Amino acid sequence: MNVLRRLAPILAPLLALLIAAVVGDALILTFGQSPAAVYRLLVDGTLGNAYGIGQVIYKATTLACTGMAVALGLRAGLFNIGAEGQLAMGGFAAAVVGLLLPVGTPALLAVPVCLAGAALGGAAVGAVPGVLKARFGAHEVIVTIMLNFIVLAFLNWIVATRLHVPEQLHTPDIHAGAIGRLAGAFPAFHGSAANWTVLVALAAAGFMAWDLFRTRQGYELRAVGLQPAAAESGGVHVGRVWLRTMTLAGAIAGLGGTNFVLGYKQYYEEGFAAGAGFIGIAVALVGRNHPVGVLLASLLFAVLSQGGLAVNAVVPKQMVDVLTAVVIIAVAVTVPEMQRLVRGAHGANR
Amino acid sequence: MIVLAFLVQALRIAVPYLFAAAGGVLCERSGVIALTLEGWMLTGAFSATLGSYYSGSAWAGLVCGVAGGLLAASLHALATVRYRADQVVVGIAANLLAVGATRFFLRLAFDSSSNSPRVSGFDWFAAVSGGGTSDGASLLSSLANPLVLLGMLSLPFVSWLLNGTPFGLRVRAVGERPDAAVSVGIHVGRVRWLAVLGAGALASLGGSYLALEQHQFTDSMTAGRGFIALAAVIFGNWEPRRVAVACALFAIAETLQIQLQGLQLIPSQFVEMIPYLLTIIALAGVVGRSVSPAALGRQVD
């Protein structure tokens, strides 16, 4: 029983992955292919060569940021569905800052300024549901969903009318603040989009761990997530914690936007977020809202996402979208089931 | 004539909203968050296309569309009602599932990543007049569609269901006071199952309308309409009559934007924001605060 209790937090995600694998088998069989061969192709195309690994690192960087943005919210009992909009705004802000800086600004100055711009842009979007929840009790799920549409429509408008390169849906190249590719130091990654923004994601995970488990604010955050009423009577200002959490979550998601804008393309492009905010929900759930778990889960979903491209010639890459969704639903189903099985188990987040 | 053309266009835009919002009201009044309206619509659109393609009959397409919606909704009910999974998580994931699965099966069925071949729809009037010779004929032919009439009836139907039948009384009880409902012998799970299935069927009718009217399925063709319908449900304060007004309002705004496109008065992106902005304002309670069903999203043991 003790062993079971200790394993419970990872047992549910593992069971969910097993369910997804079975669904994947069925999908592959409908295309008349061999599941084993397709899975092998998927792994070979991602972890089997340096380019694939580079692409996985690149995709995991964004997913780790959006995953943390969702996980941080869940720790405080808030459902941050807005990572998509926060990510887009962060990327856009980084591009604007990079365009405003004069050409030739030293990277040592330009990169931190662009990163700060991204964090601020994301934080501003994250703060809105925080304020509306703290002040008016507006449910953050609906507000963040609606805000995604508003933010994306606003960014589309501003890029289409003010900032785009003719005939394109993206801004001009930034003047300063570009982050180098990993290939610069490790030539094996040549051609992949992997860049040093991965360090930003790792630093964000370190910060999240420190903030959650080593500071008073983090303690209050977790207390609000477990029992808002008890936290309130214990002297915690719940509304302030909500606002702070959503702002911080927005900032982390916003930093994720620099992976594309500063590290990969050096411009903001309409639709670059491409669902990373929603996959962040899967990352947070499978990672059990723990920074380390989120990093591992972001690798897993990055492998799936990149693997979809690797198998596309044989089976439609949309298979991995289905599998991602199945993993989320399966985790949502198995976690409460596991908790009922192992009553009082560690890891009750909601 | 211009007024008539405007109204017809607004009505055609409103039909999918009315269906999905009717489903949303039914689902949410039973206490289950209706985040998957979009996914049910998309599933309905795709399965209606499949049905119409393989049978050559729009009616068969309609039946298949509803069957697809029921299938998607039963997965939702299984996860959230039977297994008490978090409704928000499942709601979001089910939308991703619908997008991914329809794309996957689009490749499987039609070997295309963008659209299906042309399928038959409800072209009653066009068949009679030989394909809309005058403006008036083409206007009327776009309304000669059983789904337009059904769409207009969908919210009154849900209103009657909720307020005029014993089943509706149970739905409201389960959505407001599930504990009290249990104590008078109502089977909460069963009522929620039926409400979710009803919502899936209604939303899929909206999706079927889209696909059959355009005579094909295109990738992600619902394009956020399910979320606009959800916005209408919240903005309409979960009351069918006000939700219908909200749907009409959103459809009129969209029609205005399309009609005035040439004038460049308001950027289309700002018109797109209207439903979402109004919903956030309504939720924040600045004017006439929206109050959700008391047990919305709450699980019952």
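Here the structure is a predicted model, which is why all the values come from computation and not from measurement.

K.L.:
Account for the packing of helix H2 (residues 37-55) of chain B against helix H3 (residues 58-82) of chain B, with residues named and values stated.
P.N.:
Residue and element names in this part refer to chain B. Relative orientation of the contacting elements H2 and H3 amounts to 145°, with a least axis distance of 6 Å. With respect to the hand of their crossing, H2 and H3 are arranged in right-handed fashion. For the pair H2 and H3, the contacting residues are Trp40, Thr43, Gly44, Ser47, Ala48, Gly51, Ser52 and Ser55 in the first and Ala58, Ala60, Gly61, Cys64, Gly65, Gly68, Ala72, Ala73 and His76 in the second.

K.L.:
Summarise the packing of aromatic side chains; cite the residues concerned and give the values.
P.N.:
As enumerated under the stated definition, the model contains 20 aromatic pairs over all chains in all. Relative to Phe104 of chain B, the ring of Phe31 of chain A has its centre 5.4 Å away and its plane inclined at 65°; by these criteria the two rings are edge-to-face. Taken as a pair, Phe31 of chain A in the loop between helix H1 (2-30) and helix H2 (35-47) and Phe104 of chain B in helix H4 (residues 87-110) lie in two separate chains rather than in one. Ring centres of Tyr53 of chain B and Tyr54 of chain B lie 5.0 Å apart, and the angle between their planes is 85°; on these two criteria the pair is classed as edge-to-face.

K.L.:
So, the interface of chain B and chain A: which residues are in play, and what are the values?
P.N.:
Taken together, the contacts link 39 residues of chain B with 43 residues of chain A. Here chain B and chain A share an interface that buries about 3600 Å² over both sides, 81% of which is from carbon and sulfur atoms. When the buried surface of chain B facing chain A is broken down by residue, Phe104, Arg107 and Ile280 of chain B rank first, second and third, together holding 17% of it. For the pair chain B and chain A, the number of links is 0 salt bridges. At the level of elements, H3, H4, helix H11 (225-235) and helix H13 (268-284) of chain B are the ones that each hand at least two residues to the side of chain B that touches chain A. The greatest single-element share of the side of chain B that touches chain A, amounting to 15 residues, is contributed by H4 of chain B. Looking at the side of chain B that touches chain A, its residues break down into 29 nonpolar, 3 polar and 7 charged.

Calculation rules
Residues numbered from 1 in each chain as written. Chains lettered and ligands numbered in written order. Predicted model: local features only at pLDDT ≥ 70, side-chain atom pairs only at ≥ 80, totals over all residues. Heavy atoms only, no water. Axes fitted to C-alpha atoms, helices over the stretch in contact; angles between N-to-C directions. Helix = DSSP H or I, 4+ residues; strand = E, 2+ residues; numbered from the N terminus. Left-handed = near helix turned anticlockwise from the far one by under 90°. Contact = heavy atoms within 4.5 Å. Phe/Tyr/Trp six-rings, centres within 6.5 Å; stacked < 30°, edge-to-face > 60°. Buried area = accessible area lost by both parts, 1.4 Å probe. Salt bridge = Lys/Arg side-chain N within 4 Å of Asp/Glu carboxyl O. Nonpolar A, V, L, I, M, F, W, Y, C, P; charged D, E, K, R; others polar.

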